[in-house]
Amino acid sequence: MSDTILVVVEQREGKLSRVSWETITAGQALAADTGWTLEAAVVGSGVAGFAGEVAGKKLAKVYAIESPKLEPYTPDAFAAALKQFLSSHPAKLVLMPHTYQVRDFIPKLATAMGRTAISDCIGYKKDGDKLLFTRQMFQGKLAADVSFTSDAPWFVTFQNGAYRADKVEAGASAAPVETVNVEIADGVVRNKPQEVFKEAKQAVDLTQAEIIVAVGRGIKEQKNIDIAKQLADALGGDLAASRPICDSGWLPMDRQIGSSGQTVAPKLYLALGISGAIQHIVGMKGARTIIAVNKDAEAPIFEIADFAVVGNLFDIVPPLIEEVKKAKAGT
Amino acid sequence: MKILVCMKQVPQKDAPLKLNESGTWIREDVSYEVNEPDAFALEESLRQKEKHGGEVVVITSGPARAQQVLREALAKGADRAIHLEDNAFVGLDAFNTARAFAAAIKDEQFDLIFTGLQSDDYGYAQTGVVLAELLGWPHATIIMHIEKNDAGIRVKRELEAGYFQYVDMPLPAVLTIQSGINKLRYATLIGIKQAKNKPLRKVTLAEVQSAIGANLQKIERLYVPQKTKNTEFLEGPPAEVAKKLVDKLRNEVRVL
Ligand SMILES: Cc1cc2nc3c(=O)[nH]c(=O)nc-3n(C[C@@H](O)[C@H](O)[C@H](O)COP(=O)(O)OP(=O)(O)OC[C@H]3O[C@@H](n4cnc5c(N)ncnc54)[C@H](O)[C@@H]3O)c2cc1C
Ligand SMILES: Cc1cc2nc3c(=O)[nH]c(=O)nc-3n(C[C@H](O)[C@H](O)[C@H](O)COP(=O)(O)OP(=O)(O)OC[C@H]3O[C@@H](n4cnc5c(N)ncnc54)[C@H](O)[C@@H]3O)c2cc1C
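Residues numbered from 1 in each chain as written. Chains lettered and ligands numbered in written order. Predicted model: local features only at pLDDT ≥ 70, side-chain atom pairs only at ≥ 80, totals over all residues. Heavy atoms only, no water.

Chemist: Describe the sheet that holds strand E9 (residues 163-169) of chain B, naming the residues involved and giving the relevant values.
Modeler: Overall, mixed pairing links the 10 strands, which are arranged E12(A)-E9(B)-E8(B)-E7(B)-E10(B)-E6(B)-E1(B)-E4(B)-E5(B)-E11(B) in an open sheet. In the strand order of this sheet, the two ends are held by strand E12 (192-198) of chain A together with strand E11 (200-203) of chain B, each with one partner. For this sheet, the mean inter-axis angle between neighbouring strands, taken without regard to orientation, is 30°. Two strands pair when backbone bridges link them, and strand E8 (residues 153-158) of chain B and E9 of chain B are joined in this way by six bridges, in the antiparallel orientation. Looking across to E9 of chain B, one finds that Arg 154 of chain B is bridged to Asp 168 of chain B. In the packing of helix H3 (residues 94-104) of chain B onto the sheet, the strands contacted are strand E1 (2-6), strand E4 (55-62), strand E5 (80-85) and E11 of chain B, and the crossing angle to E4 of chain B comes to about 135°. (Pairing = 2+ DSSP bridges. Helix = DSSP H or I, 4+ residues; strand = E, 2+ residues; numbered from the N terminus. Axes fitted to C-alpha atoms, helices over the stretch in contact; angles between N-to-C directions. Contact = heavy atoms within 4.5 Å.)

Structure below.
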């Protein structure tokens, strides 16, 4: 029997997340490279429907791992369910998307099995017989190839956007779906989660904005935000920010761009003093043009910028405001 | 409440990084600072102590330089510190780091352990949850608010895209703290003075050696990532750069 790669997909609010499909794409690539069998699993209560949806893809089998105790999500129940499943369905490689939910339970699951997870990977390489998983380090300034030195199962999580959801291969015929009921004893689940909610209504919707001027910690002080505002006004655009700016209360939360804020896709995203951490980038990389001003030539934001200015934003922005005004005035 | 806060020393955010000879880590001759979310975790522990009484203990593992984060924490109000001091500690993966912490605190009784949600260098985002599992405690991650109640605590978890969720859980528990949960305080002069007399327990590698094992993962190679996008760098004095940018905005980006 060949080794197995298991992709554990994530569903929330009745939908499989896009990064789940991305992870299946990663699994299909790994399966092609290793010759291992690719299977998928959905974990929850009443998830057979999702399993059916996944089964349309090129996979050998799809499992619905079921227990009423899996709804609502808790790390205790998810770790227990997958540990039980993996003891009866051994896998060599277990892949999951690096979502908030997965990072909440996968370290527990791996530890409970005496294993480890290589987290937040952006790709993999095959070096002879060895699999290397690539992850960003030092906030994206460096990358590392990491290997497992432990026994299987090997747990890997993939970063949002690492693979393309639209590249998932469909299967020639639907993969068989099997429901596996797991037993989660009373007392295993210790946390009592309440309803998921959204903080006070968002007053600003940046998702439709055409031009966004975004400030990061390079702006240094709250009062300096004014020059970014002037630039945004001159361009006829909206002001946005990285998370630390909103955390400090310098701009309201609804102007935060990134994984815990808004996802935008303007024509122009002008980033001032933003380093380009992945949690920020996922919120703005869809912009048609990205211009970044940063004093650090090695800032990861330059990795995704179309136009880059290495320099002090306080030197660049004032003349830029003037030039934009001139251009708008048609002189 | 008796709270343990795990605080890691990491290279400063804007430190220029150079690879070490074996290409497995960076050269050590950089400036260091406390891992950002860990500073918020410390602040939260101090606030909880101010509300409910108890004790705040800070712990780090790393070489002698790492003591700096403990000193700063003591100056801000932590009561005592534990330093797992050895160069070898930094070479441990998160599983072993957590095992070393568990061994170092085996005679203590904490109600809560706080870690940052992830480190700014390796960014593994697992140490806290691994520690919880090793101790057999419940955990919750990416925490933005903590309130004690009769049954235990109610915490506010951050979820993706602006969603949140409250979770009720019993004590003892491990929480991983998100940056921005509170506003950081500065150390006072008095605090800095008092810190000198606060207890700092050193733990050697030998003391916890039996609790740790071989690493479960290995960094084969560290490198500067290859650029995938064609970035055009605009150079010159600011006034000239401003003109070039406007030219791009007008003729290529077409927003002017
Ligand atoms: C194979 C391998 C080799 C490595 N080699 C080196 C090396 O040569 N030099 C080096 O500096 N690092 C090295 N590291 C990094 C290693 O020390 C990690 O820091 C460790 O694995 C913990 O992971 P993390 O920092 O990503 O923690 P995360 O899980 O991201 O951290 C979460 C939280 O855990 C707590 N925490 C984690 N580590 C510590 C700590 N040491 N002290 C106090 N609190 C802590 C903090 O509260 C932190 O916010 C190596 C890692 C691996 C896997
Ligand atoms: C679970 C999780 C969720 C997160 N969600 C988000 C999110 O939704 N959005 C988000 O933005 N972040 C988020 N973060 C935080 C993210 O990891 C980064 O910490 C954050 O984006 C950094 O913000 P920054 O770039 O403004 O600050 P820094 O990383 O401190 O960067 C500041 C930059 O300014 C530059 N600079 C300094 N002075 C000047 C100057 N005078 N001129 C020009 N440049 C200058 C510096 O070189 C540096 O690159 C999240 C983190 C986690 C762990």
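Chemist: Account for the domain arrangement of chain A, naming residues and giving values.
Modeler: Residue and element names in this part refer to chain A. Assigned domains of chain A: these are domain 1 (4-181) and domain 2 (206-329). Put simply, the middle of domain 1 and the middle of domain 2, counted by C-alpha atoms, are 35 Å apart. With eight residues of domain 1 in contact, the opposing surface of domain 2 contributes nine residues. The three residues of domain 1 that bury the most area against domain 2 are Tyr 100, Gln 139 and Lys 141, which together make up 54% of that side's buried surface. One can count one salt bridge joining domain 1 with domain 2. (Domains from an automatic or database assignment. Buried area = accessible area lost by both parts, 1.4 Å probe. Salt bridge = Lys/Arg side-chain N within 4 Å of Asp/Glu carboxyl O.)

Chemist: I'd love a proper account of the interface of chain A and chain B, names of residues and values included.
Modeler: Across the contact, 81 residues belong to chain A and 84 residues belong to chain B. The tally of links between chain A and chain B comes to seven salt bridges. For Lys 130 of chain A, the salt bridge goes to Glu 220 of chain B, with nearest N and O atoms at 2.8 Å. In this structure, the connection of chain A to chain B is made through 50 residue pairs in polar contact (both at pLDDT 80 or more). Looking at which element gives the most residues to the side of chain A that touches chain B, the answer is helix H8 (residues 313-329) of chain A, with eight residues. (Polar contact = N/O pair within 3.5 Å; in protein donor to acceptor, adjacent residues only side chain to side chain.)

Chemist: Please set out the packing of H8 of chain A against helix H7 (residues 238-251) of chain B residue by residue, giving values where relevant.
Modeler: Close contact between H8 of chain A and H7 of chain B brings their axes to 8 Å; oriented N to C, the two are set at 45°. As judged from the angle between their axes, H8 of chain A and H7 of chain B are oblique. Relative to H7 of chain B, H8 of chain A is oriented so that their crossing is right-handed. When H8 of chain A is examined against H7 of chain B, the residues Asp 315, Ile 316, Pro 319, Leu 320, Glu 323, Val 324 and Ala 327 of chain A are found in contact with a partner set consisting of Pro 238, Ala 239, Val 241, Ala 242, Lys 243, Leu 245, Val 246, Leu 249 and Arg 250 of chain B. (Parallel < 35°, antiparallel > 145°, perpendicular 65-115°, else oblique. Left-handed = near helix turned anticlockwise from the far one by under 90°.)

Chemist: Just give me the short version of the site of ligand 2, but keep the residues and values in it.
Modeler: Taken together, the neighbourhood of ligand 2 is formed by 31 residues, with Ser 242, Ile 257, Ser 260, Ser 275 and Gln 279 of chain A sitting nearest. One finds residues of chains A and B in close proximity to ligand 2. Between Arg 217 of chain A and ligand 2, the recorded distance is 2.7 Å, taken from a backbone N or O atom to an oxygen atom. Between an oxygen atom of ligand 2 and a main-chain N or O atom of Gly 261 of chain A, the distance comes to 3.4 Å. Within the complex, the protein chains bury 91% of what would otherwise be the 990 Å² of accessible surface of ligand 2. Within the residue set of the shell around ligand 2, elements represented by two or more residues are helix H6 (243-247), helix H7 (278-281) and H8 of chain A. Residue composition of the shell around ligand 2, grouped by class: eight nonpolar, 17 polar and six charged. (Near = heavy atom within 4 Å. Areas by Shrake-Rupley, 256 points an atom, 1.4 Å probe, with all protein chains shown as cover. Nonpolar A, V, L, I, M, F, W, Y, C, P; charged D, E, K, R; others polar.)

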